[in-house]
Amino acid sequence: MIKVLRLGHRRGRDDRISTHVGLTARQWGADEIVFSGEKDEKILESQRDIIDRWGGDIEIRYTDEWKKEIKNFEGLKVHLTMYGLKIDDEIENLEQEFEDEDLLVIVGAEKVPRWVYTHVDYNISVGNQPHSEIAALVVFLDRIQDSGIREEFKGAEIAVEPSKDQKLTEEK
Ligand code: SAM
């Protein structure tokens, strides 16, 4: 089981990125995405609309108690940050632990409180330069699952027919 916690959200400014964090989590097999920060039902609704049409059963919800979300999680807790240990150095340990445990992946928006760094099992960097929560999440989920791209989404009303030169879709 994979759960993603999106720490922090600034209405307006983070709308697109937060939405893409959720859609990316879904494409890479997360079972649950939890948003925190400034509450915005529109962010949750727009993702639920996409899932209704494109399928899948990822749970999408909001919490204003993100510390509890981390404390109460039973399993492997990984915070993605440019300041963390290098993913390439830790991936074997992480893969082994993920074989036996559920996984919580935490990505930030603005500055992540120090509390997070000390309440997770791993602080992991995807390169030690600042970039994007979406990029960090993709690389991490792909590596830990040895390529985690999902192809099938339960209950889809529509699916893409891969094409060399056209936009092809199939109504289910
Ligand atoms: N100073 C931040 C940090 O601690 O990584 C960068 C802020 S960035 C706008 C927002 C989020 O993207 C971070 O909270 C982190 O989850 C993720 N992120 C950015 N660069 C990263 C990197 N090199 N490795 C892992 N995660 C990264």
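Since this is a predicted model, take the numbers as computed values, not measurements.

**Looking at the overall build of the protein**
Helix and strand counts for the protein stand at 6 helices and 8 strands. Its helices and strands taken in sequence order, the protein reads β-α-β-α-β-α-β-α-β-α-β-α-β-β from the N to the C terminus. For 172 residues, the compact-globule estimate of 2.2 N^0.38 gives 16 Å, and the C-alpha radius of gyration of the protein, at 16 Å, lies within 12% of that figure. Oriented by its inertia axes, the alpha-carbon framework of the protein measures out at about 50 × 35 × 30 Å. Taking contacts inside the protein between residues at least 6 apart in sequence as the whole, the part at least 24 apart equals 81%.

**Concerning the site of the ligand**
Taken together, 19 residues sit near the ligand, with Leu80, Thr81, Val126, Gly127 and Gln129 positioned nearest. Residue glycine 127 places a main-chain N or O atom 2.8 Å away from a nitrogen atom belonging to the ligand. Bound to the protein, the ligand loses 85% of the 530 Å² it would expose on its own. Breaking the shell around the ligand down by element, the ones donating at least two residues are β4 (76-86), β6 (122-125) and α6 (133-144). Ranked by residues supplied to the shell around the ligand, first place goes to β4 with 4 residues.

**As for helix α1 (residues 15-27)**
Helix length check: α1, at 13 residues, gives a terminal C-alpha distance of 19 Å against a target of 18 Å (1.5 Å per residue), a fit within 8%. Considered for burial, the residues of α1 that qualify are Ser18, Thr19, Val21, Gly22, Thr24, Ala25 and Arg26. One or two positions beyond α1, positive phi appears at glycine 29, with a value near 90°.

**Here's the deal with a negative patch on the surface**
A cluster of acidic residues, Asp31, Glu74, Glu99, Asp100, Glu101, Asp102 and Asp121, forms a negative patch on the protein surface. If you trace the backbone, glutamate 101 turns up in the loop between α4 (87-100) and β5 (103-107).

**Some remarks on the side chain of glutamate 90**
You can see glutamate 90 is positioned in helix α4. Setting aside anything within four residues of it in sequence, one finds glutamate 90 in contact with Leu85, Tyr122 and Ile124.

**Some remarks on empty space enclosed by the protein**
Enumeration over the complete set of coordinates arrives at 1 cavity of 30 Å³ or more. Taken as a whole, the largest cavity holds about 70 Å³ of empty space. Lining the largest cavity, in full, are His9, Phe35, Ser36, Glu38, Lys39, Asp40, Ile43, Leu44 and Tyr62. Among the residues making up the lining of the largest cavity, the classes are represented as 4 nonpolar, 2 polar and 3 charged.

**Brief notes about α4**
Between its first and last C-alpha atoms α4 spans 19 Å; for 14 residues at 1.5 Å apiece the expected length is 20 Å, and the two agree. Helix geometry: α4 is bent most strongly at asparagine 93, by close to 30°. All of the buried residues in α4 are Ile87, Glu90, Ile91, Leu94 and Phe98.

**Regarding the packing of aromatic side chains**
All told, the structure shown has 1 aromatic pair when counted by the stated rule. Ring geometry for tryptophan 66 and tryptophan 115: centres 5.7 Å apart, planes at 80°, overall edge-to-face. Of the two residues, tryptophan 66 is situated in helix α3 (residues 66-71) and tryptophan 115 in helix α5 (residues 114-118); the sequence distance between them amounts to 49 residues. A relative accessible area of 17% means that tryptophan 115 is categorised as buried. One Lys or Arg, arginine 26, reaches over the ring of phenylalanine 153 and ends 4.1 Å from the middle of that ring.

About the cut-offs
- Residues numbered from 1 in each chain as written.
- Predicted model: local features only at pLDDT ≥ 70, side-chain atom pairs only at ≥ 80, totals over all residues.
- Heavy atoms only, no water.
- Helix = DSSP H or I, 4+ residues; strand = E, 2+ residues; numbered from the N terminus.
- Rg over C-alpha atoms; globule rule 2.2 N^0.38 Å.
- Contact = heavy atoms within 4.5 Å.
- Near = heavy atom within 4 Å.
- Polar contact = N/O pair within 3.5 Å; in protein donor to acceptor, adjacent residues only side chain to side chain.
- Areas by Shrake-Rupley, 256 points an atom, 1.4 Å probe, with all protein chains shown as cover.
- Expected span 1.5 Å × (residues − 1).
- Buried < 20%, exposed > 50% of the residue type's maximum accessible area, 1.4 Å probe, protein only.
- Patch = residues over 30% accessible without salt bridge, like charges linked within 9 Å, V, L, I, M, F, W, Y side chains within 5 Å.
- Salt bridge = Lys/Arg side-chain N within 4 Å of Asp/Glu carboxyl O.
- Lys, Arg positive; Asp, Glu negative; His and termini not counted.
- Charge placed at Lys NZ, Arg CZ, Asp CG, Glu CD.
- 1 Å grid on protein atoms, 1.4 Å probe; cavity = no way out; pocket = protein on both sides within 12 Å on 5 of 7 lines; lining within 4 Å.
- Points joined across faces, edges and corners; volume = space filled by probe spheres on them.
- Nonpolar A, V, L, I, M, F, W, Y, C, P; charged D, E, K, R; others polar.
- Bend = angle between axes of the 7 residues up to and from the residue.
- Phe/Tyr/Trp six-rings, centres within 6.5 Å; stacked < 30°, edge-to-face > 60°.
- Lys NZ or Arg CZ within 6 Å of the ring centre and 35° of its normal.

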